[in-house]
Amino acid sequence: MESYLPSFDLKGKVAAITGATKGIGRAISIAYAEAGAELILVSRTESDLESLKEELEARGTKVFTVAGDVQKYEEIIGKIEEQYKDKTIDVWVNNAGMNIRSEAEKVTEEEWNQIVQTNMKSAFFFSQYAAKKMKSSGYGKIINMSSVGGHVALRTGVVYAMTKAALIQMTKTLALEWGKHGIRVNAIGPWYFPTALTEKLLQDEDYVNDILAQTPLKRIGELKELAGTAVFLATEASDYMTGQTLFVDGGMTIYGF
Ligand SMILES: NC(=O)C1=CN([C@@H]2O[C@H](COP(=O)(O)OP(=O)(O)OC[C@H]3O[C@@H](n4cnc5c(N)ncnc54)[C@H](O)[C@@H]3O)[C@@H](O)[C@H]2O)C=CC1
Ligand SMILES: C[C@H](O)[C@@H]1OC(=O)[C@H](O)[C@@H]1O
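Residues numbered from 1 in each chain as written. Chains lettered and ligands numbered in written order. Predicted model: local features only at pLDDT ≥ 70, side-chain atom pairs only at ≥ 80, totals over all residues. Heavy atoms only, no water.

Draft legend 1. Region of the structure containing the pairing of strand 2 (residues 38-43). Taking burial as the measure, the six residues of strand 2 include six buried ones, the bulk of the element. Of the two faces of strand 2, the one holding Glu38, Ile40 and Val42 and the one holding Leu39, Leu41 and Ser43 are both buried throughout. Where strand 1 (residues 14-18) meets strand 2, five bridges bridge the pair, whose relative direction is parallel. Looking at the pairing, Ala15 lines up with Leu39 of strand 2. As for the winding sense of the linkage, the β-α-β connection from strand 1 through helix 1 (residues 23-34) to strand 2 is right-handed. As paired elements, strand 2 and strand 3 (residues 63-67) share five bridges and run parallel to each other. Paired with Ile40 across the strands is Phe64, a residue of strand 3. (Buried < 20%, exposed > 50% of the residue type's maximum accessible area, 1.4 Å probe, protein only. Helix = DSSP H or I, 4+ residues; strand = E, 2+ residues; numbered from the N terminus. Pairing = 2+ DSSP bridges. Right-handed = clockwise from strand over helix to strand, strands pointing away.)

This is how it looks when you write it as structure tokens:
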């Protein structure tokens, strides 16, 4: 009997994840390692990269690490190219992101630049680099970490929201341009998950009650549930999907009233 169960493994694939050593990026890195991928891990802190590399290599995963600020994406790309010059990269996850939560009228130009360069500019130029390599193999998966905040209005900062909305539109446009090369570009839009980015917010009981009131599933997400979506988008199971944003949000974005 023919099989209709797609393979969720990443054996023989090279996957790059930015913001790989904490929170969502770390969960995705571990899930991809469990699926058999060779990993390129990008994050700012050398010691964090070394300890995750050690843990993953102990389980048989091949790991290459690059410490750097994604705002200096050229330097990071240069270091990756030294190691992967004649090799392809099959999956690229633009996960690194940050937020400075403030009211619109208090946003400074420095804050604007930091949020925009980290969340949006780096994701575009990493995608450009990844696509150049994926064109040679005629296959690739680019996954952009957006947010429900790119789709509906949140009270957690307009600049962050703008960058996350931009990633959704970038996903669609790059999917259109690169589909003919077999490169699929999709995005994930998480609602709240427990990480360093949201730690302080999720310690505030009233804030959490507000979150749950807007969430049909009445709970905060678990990182495993988000990593699962990232595995789906990285594997053949999603090969006929491109330009899409999957909201992993407990139903929040469909909650009208
Ligand atoms: N945690 C959540 O509830 C949600 C998170 N997201 C998005 O998910 C992504 C990951 O977020 P979390 O894991 O929660 O955050 P986190 O702060 O726990 O981890 C982010 C990772 O990215 C790295 N990073 C941040 N700025 C960087 C830079 N300039 N250069 C290099 N690395 C940098 C950090 O070092 C860290 O390893 C972000 O893009 C965020 O906007 C979206 C919606 C909800
Ligand atoms: C769900 C949002 O993306 C959430 O809002 C914040 O302030 C954090 O930055 C999270 O990303």
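Draft legend 2. Broad picture of the site of ligand 2. Residues in close proximity to ligand 2 include Asn99, Arg101, Ser147, Leu154, Thr156, Tyr160, Trp191, Tyr192, Leu197, Thr198 and Leu201, which together make up its full environment. Separating an oxygen atom of ligand 2 from a side-chain N or O atom of Asn99 is a distance of 3.2 Å. Taking Tyr160, its side chain carries an N or O atom lying 2.5 Å from an oxygen atom of ligand 2. In terms of residue class, the shell around ligand 2 is built from six nonpolar, four polar and one charged. (Near = heavy atom within 4 Å. Polar contact = N/O pair within 3.5 Å; in protein donor to acceptor, adjacent residues only side chain to side chain. Nonpolar A, V, L, I, M, F, W, Y, C, P; charged D, E, K, R; others polar.)

Everything listed here is a matter of geometry and, on its own, says nothing about what the molecule does.
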